[in-house]
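Chain residues, written in single-letter form:
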Amino acid sequence: MVNYNFLKRILVVGEKSLLSRLSIFTEIGMDSTNNLISMLKNAPTDVEKYNEIIKINEKRGDELNINFRHEVTSGAISSSMMDNMLLLIEKCDDLLDKMYYASREINRFNKNYSNTKDEANIVDYSYNRFIDILTNNIKSLEYVKKILNEVSLITMKDDRKNIETVEEEVDEIKDGIIDYAYKNSNKMSYLVFEHLNTLTHKLDDLLDDCEDISDLVYTIMLSVTT
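What counts as what
- Residues numbered from 1 in each chain as written.
- Predicted model: local features only at pLDDT ≥ 70, side-chain atom pairs only at ≥ 80, totals over all residues.
- Heavy atoms only, no water.
- Helix = DSSP H or I, 4+ residues; strand = E, 2+ residues; numbered from the N terminus.
- Buried < 20%, exposed > 50% of the residue type's maximum accessible area, 1.4 Å probe, protein only.
- Contact = heavy atoms within 4.5 Å.
- Areas by Shrake-Rupley, 256 points an atom, 1.4 Å probe, with all protein chains shown as cover.
- Lys, Arg positive; Asp, Glu negative; His and termini not counted.
- Charge placed at Lys NZ, Arg CZ, Asp CG, Glu CD.
- Axes fitted to C-alpha atoms, helices over the stretch in contact; angles between N-to-C directions.
- Parallel < 35°, antiparallel > 145°, perpendicular 65-115°, else oblique.
- Left-handed = near helix turned anticlockwise from the far one by under 90°.
- Nonpolar A, V, L, I, M, F, W, Y, C, P; charged D, E, K, R; others polar.
- Phe/Tyr/Trp six-rings, centres within 6.5 Å; stacked < 30°, edge-to-face > 60°.
- Lys NZ or Arg CZ within 6 Å of the ring centre and 35° of its normal.
- Disulfide = S-S within 2.5 Å.
- Patch = residues over 30% accessible without salt bridge, like charges linked within 9 Å, V, L, I, M, F, W, Y side chains within 5 Å.
- Salt bridge = Lys/Arg side-chain N within 4 Å of Asp/Glu carboxyl O.

1. Brief notes about the overall build of the protein
Within the protein, the secondary structure is distributed over seven helices and zero strands. Seen in sequence order, the protein has helices and strands lined up from the N terminus as α-α-α-α-α-α-α. By its C-alpha atoms, the protein is 80 × 30 × 20 Å across when sized along the principal axes. Looking at the protein as a whole, 46% of its 226 residues are labelled buried. Look at the contacts in the protein between residues 6 or more apart in sequence, and 83% of them connect residues 24 or more apart. For the protein, the accessible area works out to roughly 11,200 Å², and carbon and sulfur atoms hold 50% of it. Computed over 27 positive and 40 negative side-chain charges, the inter-centroid distance for the protein is 2 Å.

2. Looking at the environment of L153
With respect to the helices and strands, the residue L153 is situated in helix 6 (residues 153-183). Using a relative accessible area of 23% as the deciding quantity, one classes L153 as partly exposed. Expressed as a C-alpha distance, the spacing of L153 and L222, which sit 69 residues apart in the sequence, is 7.5 Å.

3. Considering the packing of helix 2 (residues 24-42) against helix 4 (residues 82-112)
Closest axis-to-axis distance for the helix 2/helix 4 pair is 10 Å, and the angle between their directions is 15 degrees. The angle between the axes of helix 2 and helix 4 places the two elements in the roughly parallel class. Here the hand of the crossing between helix 2 and helix 4 comes out left-handed. Here helix 2 contributes F25, I28, G29, S32, T33, L36, M39 and L40 to the contact with helix 4, which in turn contributes C92, D93, L96, M99, A102, S103, I106 and N107.

4. Section: the packing of helix 5 (residues 117-149) against helix 6
The geometry of helix 5 relative to helix 6 is characterised by a closest axis approach of 9 Å and an angle of 170 degrees between their N-to-C directions. As far as their axial angle goes, helix 6 and helix 5 are roughly antiparallel. Residues that form the contact of helix 5 with helix 6 fall into these classes: 14 nonpolar, five polar and six charged.

5. A short note on the side chain of E167
Mapped onto the secondary structure, E167 falls in helix 6. Those residues in contact with E167, other than ones at most four positions away along the chain, are D204, L207, D208 and E211.

6. Comments concerning the packing of aromatic side chains
The geometry of an aromatic ring pair is captured by two quantities: the separation of the ring centres and the angle between the planes. For the coordinates displayed, the defined rule picks out five aromatic pairs. Ring geometry for F109 versus Y113: centroids 5.3 Å apart, planes at 25 degrees, classification stacked. The side chain of R104 reaches across the aromatic face of Y100, ending 4.7 Å from its centre. Looking at K202, its charged tip hangs above the ring of Y101, at a distance of 4.4 Å from the centre.

7. Focus on the state of the cysteines
Tallied over the full model, the rule gives zero disulfides. Take C92: it sits in no disulfide, and the sulfur closest to it among the cysteines is that of C210, at 9.1 Å. Exposure remark for C210: the relative accessible area of 0% places this residue in the buried category.

8. Re the environment of L96
Tracing the backbone shows L96 in helix 4. Linking L96 and K55, residues 41 residues apart in sequence, is a C-alpha distance of 8.9 Å. Beyond its immediate stretch of four places on either side in the chain, L96 contacts F25, I28, G29, N57, E58 and G61.

9. Regarding a negative patch on the surface
Residues E168, E169, E172, D175 and D179 make up a contiguous surface patch of negative charge. Looking at the secondary structure, you find E172 in helix 6. On the basis of relative accessible area, E172 is assigned to the exposed category, the value being 63%.

10. Describing the pattern of salt bridges
Going through the model one piece at a time under the given rule, you end up with 14 salt bridges. Among the salt bridges present, the one from D94 reaches K98, with a minimum N-O distance of 3.0 Å. Here the residue D94 and the residue K98 both occupy positions in helix 4, the gap between them amounting to four residues, near one helical turn. On the basis of relative accessible area, D94 is assigned to the partly exposed category, the value being 23%. Since its relative accessible area comes to 15%, K98 is described here as buried. R129 serves as the salt-bridge partner of D132, at 2.4 Å between the closest nitrogen and oxygen.

This is the structure we're talking about:
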């Protein structure tokens, strides 16, 4: 007679192993985030250098995405968990895609547009606030990494709450940047306004992805341990 609990433990081990290995995305994400911070601090100089590093990280993420998806669809994971696992892998890769999108936008703007004095002050203020968002993104990525390696649902739940708290703080920063841009819209071109608005939303999306990833991991582990 097959021991159901024994088989379930095997499934948990296999799925936890994959979740733990997915934490490589958070490590790459933290590296890309740090390079985005350096990019913003040094702009308009050295933007191409940092953009290239983030591009390499994004390509590495694509390769990992393909490999992990192949592993899941080849039978390494139970069929009932397959959809959530594939969505989780896609969300992890999406983080790196969005960081590369942001780096390309910063690179393109600083290479091709010359700010007026007023615009330079507005961009400088906004870039410093973007750094605040990215610093919080590193915090969230650290919590995501813990969740991916966690075995306790209680601790996992606590870390999900921590990510939610960080995300709420970033929402306030985002709203502050957008309000600032509108208040100073008469001092800048539409191109500058659109650049800042686009980056604000794209960087805020990183925190939303971290929250989505933590929810997916919790759902997966809840399914295989209860």
